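Spelled out from the first residue to the last, the chains are:
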Amino acid sequence: MSSPTSTVLGARTQGGRLFVLYGRLLGPLLAGYLLFDRAFAYLHLPGSPLFVGEMVLGVGAAAVVVSTRFIKVPLRDEPILALLLAFAAWGLIRMVPGVATYQLDALRDAALWFYCLFAFFVMAALARSPELLDRLIAGLTRLTPWLLLWLPFAVVLHPLSATAPAVPFTTVSVLSHKSGNAAVAALLVLGCMWLLPGTRSARSRVVWSLMALLTIALAATQNRGGMVGVMAGGAVGLAFLRNRLGLAARVVLVFAVGLGVASLLSLKVPLGGLQGREFSASQLIANVASLGGSDSPGNLGGTVEGREQLWTRILDKQVTDGHLVDGSGFGQNLASEVGIYDAGKDTLRSPHNSHLHILARMGLVGLSLWIALWVGWYWRMAAGCRRLAREGLHTRRQVGVLSLMLTTAVLVSCFFDPELEGPQVAALLWTTVGIGVAVTTIRPWFRDAPSERDGP
């Protein structure tokens, strides 16, 4: 009698066509988010919103219904997925009571947990078609020049979004690319260029790396969360490289020389930034200095104070209402209930921190599952990358390191911004998490992937 694993390996050409379609749609979806951020998040026909990410998730859900065997084996073989499944199940349990009262608002807030379906679906797609990994890497390589040419302009032009044209039939500006998301995108392509260089020459990598660093520097003048996230993600990547000290020294030297020249020449972009912040070396230095707790010029200190007040009030209300353990549930506007910011206009529904948002909506139970999930995932990834290096599976190991870098950058930036509530970042994060589990698996469901045959 054949095992479920052998059934999957033997049936890859006999079924699961919807998973193949899902895999083919995933690349363009992530590319659209990386390039255009929220402007790509949904399409509109007159009176009918079509959310692109949810449409792709719908294809994945249909694939699971039609070809269940491709997701059964990863779920059975990968213990870390039990924690992710438990987190999603608790989110569903806490969402159901709110649907009757808050209808679509409860479903919208539940994006905090249901985007983790991207992780499950990408693993099922990889079980059906292991070559999907090579397809995604090749697509990112082709996208790199276009992404790095556009991202600096996307960051600089974002402050003009209020007066820029909107996506047809929406109120979303075509220039709505968040600075923090642009910094994470730049880190992704930077890591890909050096971890998976392919046929790209050393000179080409240096040139494009400078463009990536420029994007990160511009974004860091506007968003400290993205800056800290990229620093953390880069540090994790360097920890797995043999020549990490040399690379770190080069990056620091480039930034030091660039900042020094920009400061001496008083260089700045002749466009105003967000909340009065300039695109200048002095603004970047001020943002970095504010991380150490020093007095923050401009509105930096006010922003921190406002967020801390928001977090405190939401948690205090949660304790008062007796929902610290199970959470407040989904649907209500948490910020409006405590009277912070412009919550009355329904523009802010959370503590502006995805991790605290999980605590607020899903309580200590949800937060405990969340922490356990990431402790287990990082343990799994670190051990897996070391094992892949010993076995000489170079490409898979490098993809694992890239997964660690990107995931770290997003999770750290989530302390400052509600990143996981929108598909622009959540789809990228959870897809990366799923790919990380796949490349580090010791089970045969992904063992015959074409990338495995690559040597160092």
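All of these numbers come straight from a predicted model, not from anything done at the bench.

(A) Structural view of the overall build of the protein chain. Tallying secondary structure elements over the protein chain gives 19 helices and 4 strands in all. With 456 residues in all, the protein chain has 54% of them scored as buried. Within the protein chain, contacts between residues at least 6 apart in sequence are counted, and of these 78% link residues at least 24 apart. Put simply, the protein chain shows about 20100 Å² of open surface, and 67% of that area lies on carbon and sulfur atoms.

(B) Structural detail: the environment of Ser 67. Its location among the elements puts Ser 67 in the loop between α3 (52-66) and α4 (69-77). Assessed through its relative accessible area of 6%, Ser 67 is described here as buried. A C-alpha to C-alpha distance of 9.6 Å links Ser 67 and Arg 128, two positions 61 residues apart in sequence. A distance of 3.3 Å separates a polar side-chain atom of Ser 67 from the backbone nitrogen of Gly 16.

(C) Unusual backbone geometry, seen in detail. The residue Asp 37 is not glycine, and still its phi comes out positive at about 55 degrees. Assignment of secondary structure puts Asp 37 in the loop between α2 (17-36) and β1 (42-45). Owing to a relative accessible area of 1%, Asp 37 belongs among the buried residues under this scheme. Residue Gln 103 is not a glycine yet carries a positive backbone phi of 50 degrees.

(D) Region of interest: the side chain of His 177. With respect to the secondary-structure elements, His 177 resides in the loop between α9 (132-157) and α10 (179-195). Within polar-contact distance, the side chain of His 177 engages the backbone oxygen of Leu 34 at 3.0 Å. Dropping the residues within four chain positions of it, His 177 is found in contact with Tyr 33, Leu 34, Leu 35, Phe 36, Asp 37, Leu 151, Ala 154, His 158 and Ala 182.

(E) Here's a closer look at the environment of Ala 106. Relative to the assigned elements, Ala 106 resides in helix α6 (residues 104-109). Between the alpha carbons of Ala 106 and Gly 329 there is a distance of 8.3 Å; along the sequence they are 223 residues apart.

(F) Representation of helix α11 (residues 202-220). Taking 1.5 Å of rise per residue, 19 residues should cover 27 Å, and α11 covers 26 Å from first to last C-alpha, within 8% of that figure. Residues of α11 that are buried include every one of Ser 204, Arg 205, Trp 208, Ser 209, Ala 212, Leu 213, Thr 215, Ile 216, Ala 217, Leu 218, Ala 219 and Ala 220, and no others.

(G) Region of the structure containing the side chain of Ser 209. With respect to the helices, strands and loops of the structure, Ser 209 is situated in helix α11. On the accessibility criterion, Ser 209 (7% relative accessible area) is buried. A distance of 2.5 Å separates a polar side-chain atom of Ser 209 from the backbone oxygen of Arg 205. In this structure Ser 209 touches Leu 190, Met 193 and Trp 194, once residues within four positions along its chain are discounted.

(H) Quick peek at the pattern of salt bridges. Tallying each qualifying case throughout the model produces 6 salt bridges. Residue Arg 361 pairs with Asp 109 through a salt bridge whose shortest N-O separation is 3.2 Å. On the criterion of sequence distance, the pair formed by Arg 361 in helix α17 (residues 354-391) and Asp 109 in helix α6 is long-range, its members being 252 residues apart. Its relative accessible area of 0% is what places Arg 361 among the buried residues. Lys 317 serves as the salt-bridge partner of Asp 321, at 2.7 Å between the closest nitrogen and oxygen. For Lys 317, a relative accessible area of 28% corresponds to the partly exposed category.

(I) Structural detail: the packing of aromatic side chains. Counted according to the given criterion, the structure contains 13 aromatic pairs. Ring centres of Phe 114 and Tyr 115 lie 4.9 Å apart, and the angle between their planes is 50 degrees; on these two criteria the pair is classed as tilted. Note on Tyr 115: relative accessible area 3%, which makes it buried. Aromatic pair Trp 370 and Trp 430: ring centres 6.1 Å apart, planes at 70 degrees, arrangement edge-to-face.

(J) Examining the nonpolar core more closely. Counting 118 residues, the largest nonpolar core has Phe 118, Trp 370, Trp 374 and Trp 430 as the members making the most contacts within it. Sequence-distant contacts of Trp 430, that is, excluding residues within four places in its chain, are made with Leu 84, Tyr 115, Cys 116, Phe 118, Ala 119, Trp 370, Leu 373 and Trp 374.

Calculation notes
- Residues numbered from 1 in each chain as written.
- Predicted model: local features only at pLDDT ≥ 70, side-chain atom pairs only at ≥ 80, totals over all residues.
- Heavy atoms only, no water.
- Helix = DSSP H or I, 4+ residues; strand = E, 2+ residues; numbered from the N terminus.
- Buried < 20%, exposed > 50% of the residue type's maximum accessible area, 1.4 Å probe, protein only.
- Contact = heavy atoms within 4.5 Å.
- Areas by Shrake-Rupley, 256 points an atom, 1.4 Å probe, with all protein chains shown as cover.
- Polar contact = N/O pair within 3.5 Å; in protein donor to acceptor, adjacent residues only side chain to side chain.
- Expected span 1.5 Å × (residues − 1).
- Salt bridge = Lys/Arg side-chain N within 4 Å of Asp/Glu carboxyl O.
- Phe/Tyr/Trp six-rings, centres within 6.5 Å; stacked < 30°, edge-to-face > 60°.
- Core = buried A, V, L, I, M, F, W, Y, C linked by side-chain atoms within 4.5 Å.

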